[in-house]
Amino acid sequence: MTPSLKIKGIRIPDDVRKLRLRPSDIRDHAQIVFGLLLYAFAWKGFLLPHQIPGGGVTGIGALIFFATGIPVSIPYFAINAVLLVIAIRSIGLSFSLKTIFGVGVLTFLFSVIPIIPRGTFVGPNDSFMACILGSIMAGVGVGIVFISNGSSGGTDIIAKILNQSRNITLGRAMLYCDVIIISSSYLILGSLEKVVFGLVTLAVMSVSLDMVVNGVRQSVQFFIISREHEKIADRINNEVHRGVTILNGEGWYSKEPVKVIMVIARKNQSVAIFRLVKSIDPAAFVSQGSVIGVYGQGFEAMKVK
C-alpha cells in the first residue's frame, strides 16, 4: 500500500508529498495556460456577446451572467471551489493538483479578459457563425489542456465523482450534465434557438476536442514482408529514424520461414517509408494500419491522472 499522510481528513499520497517539478511539468503547465487562454477567449469573444449557452460550470456562470450581469469568473470560481473540496475528500489530492491550477488560471483569465463587443469578429446578427467559431476555439483549447494532463474543473470533477460512486462512464456523466445546463438556458433566455445553438456548441466542441487529442497521437503501424528485410530495416533506422522490430513468421501455403518487419511511425512519415521500401524491393508485401495512442520512447509519455 502506498504510504500516505492525513491532514484534517484529507489523504495526501506519498507520491504527491515527494512531487518535484520536472521540465516536462513546466511544459505541461505552459500548454495548459495556452489552452485555457483559447477557451476563455472563445467565451469572451464569441459565445457571451451573442448569448450562446454552453456546458460545464462555465455554462452555469454564463447563465448567471445572462440573468443578473454577475461576471462569469465569480460563479465559476465559487462552484469549482466547492467541487474541489468534495473531490479532494472523495477522490484524493493527486487528481486535483492540476485541476486546482487550471481553475485558478481560468478564473484569472475570465477576470482580466473583457467581453468583446458584439460584431467585432462576426456580424452582430450572425450568431451561428459565432457559435461555430467559438466552439471550435473552445474545443481546441480544452483539447490542449487534456493532452497536457490538465483539467478546467467543473463537470470534469462531477463526472469523476459520479464515475466512482455510480456505474456511469465519464463521457456519459459529462454529457448528462452539459445537456441539462444548456437546456435550462431556455428558462432564462426564453429562446429555443439559443438552446439549439448551445447544443451545436457542445457537439462542435466535442469534435474539435477529439481531433486535437487523437490527432497528436495518430500514428501508423507497418508490417513489411520482404527478402530484403535487412536493407529495409537499416534504412528505416538510419533515414526515417524509427525503431524496427523483426518478427519470425512462416508462410502457411509455402511453409517457408519469413521475416516480418514491424514499424510504428508518425502518420506524416508513412510516405517516406513507402518510398524507401519501393526503392529497395518493389515486390515487398506491405500492410499499413492506423493506431491511436502509442506510448513509449519516441512517442507520447504515459500520463495517468
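Going by the structure above, here's the rest.
Position labels on residues start from 1 in each chain and follow its written sequence. Local features in this predicted model are restricted to residues of pLDDT 70 or higher, and side-chain atom pairs are both shown and tallied only at a pLDDT of 80 or more, whereas totals for entire chains, interfaces and linings draw on every residue. Excluding hydrogens and water, the side-chain values take into account all heavy atoms of the structure.

### With respect to the sheet that holds strand E3 (residues 218–225)
Spelled out, the test is: Any two strands with at least two DSSP-identified bridges between them are counted as paired. Helix and strand assignments come from DSSP, with helices taken as H or I runs of at least 4 residues and strands as E runs of at least 2, each series counted from the N terminus. As a rule, the C-alpha atoms of each element are fitted with a line to give its axis, helices using only the stretch in contact, and angles between N-to-C directions run from 0 to 180 degrees. When checking whether two residues touch, look at their non-hydrogen atoms; a contact exists if any pair is within 4.5 Å.
With respect to topology, four strands assemble into an open sheet ordered E4-E5-E3-E6, the strand pairing being antiparallel. Of all strands in the sheet, those with a lone pairing partner are strand E4 (244–250) and strand E6 (285–292), marking the two edges. The mean angle between the axes of side-by-side strands here comes to 25 degrees, regardless of whether they run parallel or antiparallel. Where E3 lies against E6, eight bridges are found, and the strand directions are antiparallel. Paired with Val220 across the bridge in E6 is Ser290. This element, helix H11 (residues 229–240), spans E3, E4 and strand E5 (257–266) of the sheet and lies at about 15 degrees to E5.

### Focus: the packing of aromatic side chains
What counts, and what does not: Note on ring pairs: Phe, Tyr and Trp rings are taken, using the six-membered ring of Trp, and paired if centres are within 6.5 Å. Classes follow the plane angle, with under 30 degrees stacked, over 60 edge-to-face and the rest tilted.
Under the criterion given, the structure shown has six aromatic pairs. Pairwise contacts between aromatic rings join Phe41, Phe46 and Phe121 into one cluster.

### Some thoughts on the side chain of Thr58
What counts here: Side-chain atoms alone can form a polar contact between residues adjacent in sequence; in general such a contact is a pair of N or O atoms within 3.5 Å, and within protein one must be able to donate a hydrogen while the other accepts it.
Topologically, Thr58 is positioned in helix H3 (residues 56–68). Here Tyr39 takes part through its side chain, which lies 3.1 Å from a polar atom of the side chain of Thr58. Setting aside its immediate chain neighbours within four residues, Thr58 contacts Tyr39, Trp43, Val72, Tyr76 and Phe110.

### With respect to a nonpolar patch on the surface
Operational definition: Residues forming no salt bridge and having over 30% relative accessible area are the ones grouped into patches, like charges within 9 Å of each other and nonpolar side chains (Val, Leu, Ile, Met, Phe, Trp, Tyr) within 5 Å. Here, Shrake-Rupley sampling with a 1.4 Å probe gives the accessible areas, and only protein chains in the shown set may cover a residue. Criterion for a salt bridge: a side-chain nitrogen of Lys or Arg within 4 Å of a carboxyl oxygen of Asp or Glu. Whether a residue is buried, partly exposed or exposed follows from its accessible area with a 1.4 Å probe, protein chains only, as a fraction of its type maximum: under 20%, in between, or over 50%, in that order.
The grouping of Tyr186, Leu187, Ile188, Leu192 and Val196 at the surface amounts to a nonpolar patch, some 530 Å² of accessible area in total. At the level of elements, helix H9 (185–189) and helix H10 (192–215) are the ones that each hand at least two residues to the nonpolar patch. Among the elements that line the nonpolar patch, the one with the most residues is H9, at three residues. Mapped onto the elements, Tyr186 comes out in helix H9. Overall, Tyr186 belongs to the partly exposed group, its relative accessible area being 44%.

### Comments concerning the pattern of salt bridges
Applying the stated criterion across every chain, the model contains two salt bridges. Note that Lys231 is salt-bridged to Glu228, the shortest N-O span being 3.8 Å. Residue Glu239 is joined to Arg235 by a salt bridge in which the shortest nitrogen-to-oxygen separation is 2.9 Å. Here Arg235 and Glu239 lie together in helix H11, a separation of four residues that amounts to about one turn.

### Considerations on unusual backbone geometry
The phi dihedral of Gln51 falls on the positive side, at around 55 degrees, and the residue is not glycine. Along the chain, the position of Gln51 falls in the loop between helix H2 (23–47) and H3. Judged by its relative accessible area of 33%, Gln51 falls in the partly exposed class. The backbone phi angle of Lys255 is positive, close to 60 degrees, even though this residue is not glycine.

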